[in-house]
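# Inside the fold
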Amino acid sequence: MCTTSEGTATGTVLIENDRTRVTEWRFAKRHDNTGWHRHEHDYVVVPQFDGTLEIDQPDGTRISAPMKTGVPYFREAGVHHDVLNGNDFECAFIEVEFL
């Protein structure tokens with residue numbers, strides 16, 4: 001993830017090399033967020049919880065994205081958004097970027 005504004009979620013880089021960066025994103029409470037960012041690389045997200053993420057879009061809309069533990073999804077480079085915890089509990093996901 002690159003071009004990030006300040007958010008309240010905690011990003012911890014677990015692996016980083018010439019080809020891959022793996023980051024755990026942890027959200028302690030409802031509406032903790034990553035901050036606005038644009039992805040410069042294709043990436044995969046692997047949720048570590050059953051619940052919902054809320055995604056703020058550049059046009060001002062917010063979408064609700066259901067998550068299932070261990071069920072990954074793929075996005076291409078260029079995505080611009082802010083990701084928020086839509087749950088009343090702590091949640092986390094693993095983000096794998098293909099550098």
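Throughout what follows, the structure given in this document is the object of discussion.

Conventions used here
Residues numbered from 1 in each chain as written. Predicted model: local features only at pLDDT ≥ 70, side-chain atom pairs only at ≥ 80, totals over all residues. Heavy atoms only, no water. Helix = DSSP H or I, 4+ residues; strand = E, 2+ residues; numbered from the N terminus. Polar contact = N/O pair within 3.5 Å; in protein donor to acceptor, adjacent residues only side chain to side chain. Pairing = 2+ DSSP bridges. Axes fitted to C-alpha atoms, helices over the stretch in contact; angles between N-to-C directions.

### Brief notes about the environment of Asp88
Inspection of the secondary structure assignment puts Asp88 in the loop between strand S8 (80-85) and strand S9 (91-98). Among the polar contacts made by the side chain of Asp88, one reaches the side chain of Arg30 at a distance of 2.8 Å.

### Let's talk about the sheet that holds strand S1 (residues 10-16)
Reading across from one edge, S1-S2-S9-S4-S7 is the order of the five strands in this open sheet, with antiparallel pairing throughout. The two strands at the open ends of the sheet, each matched to only one other strand, are S1 and strand S7 (73-75). Averaged over all neighbouring strand pairs, the angle between strand axes comes to 25 degrees, with direction disregarded. In terms of strand pairing, S1 meets strand S2 (residues 20-27) through six bridges, oriented antiparallel. Note on S2: the bridge partner recorded for Gly11 is Trp25.

### Description of unusual backbone geometry
Positioned with a positive phi, His31 is a non-glycine residue whose angle comes to about 70 degrees. Tracing the sequence through the fold places His31 in the loop between S2 and strand S3 (37-38).

Nothing here speaks to function; it is all geometry.
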